[in-house]
Amino acid sequence: MPIEAPVAPKKINLRRPDIMEAVQAQVLSHYRSELVERIRANGHVLSADGLTIKLAKEFGFCYGVERAIDLAYAARKSFPPDKPIFLLGEIIHNPEVNDQIRNLGIQTISNKPTEQEMARLHSDDIVIIPAFGTEVATRKKLEERGCVLVDTTCGDVMSVWKRVRQYSKDKVTSIIHGKAWHEETKATSSQTIASGGGHYLVVFTLAETDCVCDYILKGGDKGEFLKKFKGACSEGFDPDLHLQAIGVANQTTMLRGETEEVQRRLKAAMIKKYGEAELDKHFRFFDTICGATQDRQDALEKLLREPLDLLLVIGGYNSSNTSHLAEMGEARLATYFIKNAAKMVSDKVIQHYDQHVQKEVETRDWLPPGGITVGITAGASCPNNLIEDVIRRLCELRGISVQALLAN
């Protein structure tokens, strides 16, 4: 019986100068903010009539997000208006941006398409892979169907994939610090098992890391261990076998300090179990935190050293990198994680996301009277126009004109 040749993915060049010139103009019209650019030029600070606004030095769109958006817009520009274009889930984790993508006529299907959704796709249909990437099995199905893929996967994510594939090749289990339910971590996990024989385990918290360390050192009830990590480990995962040689990787948008602590604790457990001289046989680690994520965390850390009365963190509630910025702020002062300016209902009421209860809550008397300094940052998937909206709303609530701020 003849062996079928692998399906070659169909590719298209969307980076032609004529397309990108038109795309840049459209993207700027949707997301640019002259006000934010003015504040940047003013040392990231504006002050007037008792209100001082301080922007973190790094915030908002990163290169990977900009690239993903550009490619989605370019796909729509490159094909006739009646040509169907599909997007796997969300291009990035920002509701306003995803609304704009839908307004272009790009249809959304699940990030892991159902059989019914797959049946809607035809050969030569355009499918956009989001910035987080997609699972290996999903990509294979799309290629087999003959779809043209517009791959916007972030380069930093693909760097993690390279690491975990090498772990699997070397019979090393990937311990992934991340959120097992997040699209990026699912995509990374799928890379570890793509060639067969690889394994992974996802740890989200330091408490889960300690549980893994305890099992490495003392063993334990395998059934209880697997129950605890259900949905966060590879099929056939056996902690007695697959924790003997481990390599740490991470979702690129996690807190660097926490990822470093995960690897420190796992490394210490392996040294205690096997000895320093044998460590290289049992433990590996590579720094795979996204540079843009780290830049935004570092900039916020610097901002938090300055006197602030409150912090506003702007971004999608399901954005991992934005949620970590909010965590950093909450540890130091009153912090409100909002997705847009409309959440600032009045100077008395703000609606904001509470990560502890995982829902939007309402807080009263959030905006103090008198002279105040407000810090502002935004996640890597938040466009500048939304940041401008928040600044304008803040001024409105204090009865201050933006022009007055800019004049000082």
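Structural notes, computed from the coordinates.

The next thing to look at is the overall build of the protein chain. In terms of regular secondary structure, the protein chain is built from 17 helices and 15 strands. The C-alpha atoms of the protein chain give 23 Å as radius of gyration, which agrees with the globular expectation for 408 residues (22 Å, within 12%). Considering only C-alpha atoms, the protein chain reaches an extent of 75 × 55 × 35 Å along its principal axes. The buried share among the 408 residues of the protein chain stands at 52%. Within the protein chain, residue pairs in contact and separated by at least 24 positions form 70% of the contacts whose partners lie at least 6 positions apart. Carbon and sulfur atoms make up 49% of the accessible area of the protein chain, which amounts to about 18,800 Å² in all. The centroid of the 52 positive side-chain charges in the protein chain is displaced by 2 Å from the centroid of its 55 negative side-chain charges.

A few words on the packing of helix H2 (residues 34-41) against helix H16 (residues 384-397). Between H2 and H16, the least distance of the axes is 8 Å, while the angle of their chain directions is 80 degrees. Looking at the two axes, H2 sits roughly perpendicular to H16. Note on element contacts: H16 touches H2 through Asn384, Ile387, Glu388, Ile391 and Arg392, opposite Glu34, Leu35, Val36, Ile39 and Arg40. Across the contact of H2 with H16, the residue classes tally to five nonpolar, one polar and four charged.

As a further point, take the sheet that holds strand E9 (residues 246-250). Backbone hydrogen bonds are what pair the strands of a sheet, in a parallel or an antiparallel way. A sheet is described by the order of its strands in space; here four strands give the open sequence E8-E7-E9-E10, paired in parallel fashion. Looking at the sheet topology across the chains shown, the edges are occupied by strand E8 (200-203) and strand E10 (283-285). Direction aside, the axes of adjacent strands within the sheet are offset by 25 degrees on average. With respect to the sheet, helix H12 (residues 256-274) is in contact with strand E7 (173-177), E8, E9 and E10, its orientation differing from that of E10 by roughly 165 degrees.

Here we take up the packing of aromatic side chains. Tallying each qualifying case throughout the model produces ten aromatic pairs. Taken together, a centroid distance of 5.8 Å and an interplanar angle of 75 degrees make the contact between tyrosine 336 and tryptophan 366 edge-to-face. One end of the pair, tyrosine 336, is in strand E12 (residues 335-338); the other, tryptophan 366, is in the loop between strand E14 (359-364) and strand E15 (372-378), and 30 residues separate them in sequence. Across this residue pair, the class does not change: tyrosine 336 and tryptophan 366 are buried. An aromatic cluster is present here, built from Tyr31, Phe61 and Tyr73 joined pairwise through their rings. One residue, arginine 163, lies across the ring of phenylalanine 286, its end atom 3.8 Å from the ring centre.

Attention shifts here to the nonpolar core. The biggest cluster of nonpolar side chains holds 33 residues, and the ones touching the most others in it are Ile69, Tyr73, Ile91, Ile92, Val97, Ile101 and Ile128. Considering each element in turn, this core owes the most residues, eight residues, to helix H3 (residues 63-78). Contact partners of tyrosine 73, with chain neighbours within four places excluded, come to Val23, Gln26, Val27, His30, Tyr31, Gln100, Ile101 and Leu104.

Time to look at helix H14 (residues 291-303). The terminal C-alpha atoms of H14 lie 18 Å apart, and with 13 residues this matches the ideal 18 Å at 1.5 Å per residue to within 8%. Looking only at H14, the buried set comprises Ala292, Thr293, Gln294, Arg296, Gln297, Ala299, Leu300 and Leu303. Against the buried residues of H14 lie strand E2 (51-55), H12, strand E11 (310-314), helix H15 (320-330) and E15.

Here we take up unusual backbone geometry. Positive phi is not limited to glycine here, since aspartate 49 has a value of about 50 degrees. Accessibility expressed as a relative area gives 63% for aspartate 49, which makes it exposed. In this model, lysine 171 sits at a positive phi of 60 degrees, which is unusual for a non-glycine residue. By the secondary structure assignment, lysine 171 is in the loop between helix H7 (155-169) and E7.

With respect to the helices and strands, threonine 185 occurs in helix H8 (residues 183-192). According to the relative accessible area criterion, threonine 185 is buried, its value standing at 1%. At 2.7 Å, the side chain of threonine 185 and the side chain of glutamine 251 are in polar contact. Other than its neighbours up to four places away in sequence, threonine 185 contacts Ile176, Gly178, Lys179, Ala180, Val202 and Gln251.

Residue alternation in strand E3 (residues 85-88) divides its side chains into two sets, Ile85 and Leu87 and Phe86 and Leu88, and both sets are buried. The sheet contact formed by E3 and strand E5 (residues 126-129) spans three bridges and is parallel. Across the sheet, residue isoleucine 85 finds its bridge partner in E5, namely isoleucine 126.

About the criteria used
Residues numbered from 1 in each chain as written. Predicted model: local features only at pLDDT ≥ 70, side-chain atom pairs only at ≥ 80, totals over all residues. Heavy atoms only, no water. Helix = DSSP H or I, 4+ residues; strand = E, 2+ residues; numbered from the N terminus. Rg over C-alpha atoms; globule rule 2.2 N^0.38 Å. Buried < 20%, exposed > 50% of the residue type's maximum accessible area, 1.4 Å probe, protein only. Contact = heavy atoms within 4.5 Å. Areas by Shrake-Rupley, 256 points an atom, 1.4 Å probe, with all protein chains shown as cover. Lys, Arg positive; Asp, Glu negative; His and termini not counted. Charge placed at Lys NZ, Arg CZ, Asp CG, Glu CD. Axes fitted to C-alpha atoms, helices over the stretch in contact; angles between N-to-C directions. Parallel < 35°, antiparallel > 145°, perpendicular 65-115°, else oblique. Nonpolar A, V, L, I, M, F, W, Y, C, P; charged D, E, K, R; others polar. Pairing = 2+ DSSP bridges. Phe/Tyr/Trp six-rings, centres within 6.5 Å; stacked < 30°, edge-to-face > 60°. Lys NZ or Arg CZ within 6 Å of the ring centre and 35° of its normal. Core = buried A, V, L, I, M, F, W, Y, C linked by side-chain atoms within 4.5 Å. Expected span 1.5 Å × (residues − 1). Polar contact = N/O pair within 3.5 Å; in protein donor to acceptor, adjacent residues only side chain to side chain.

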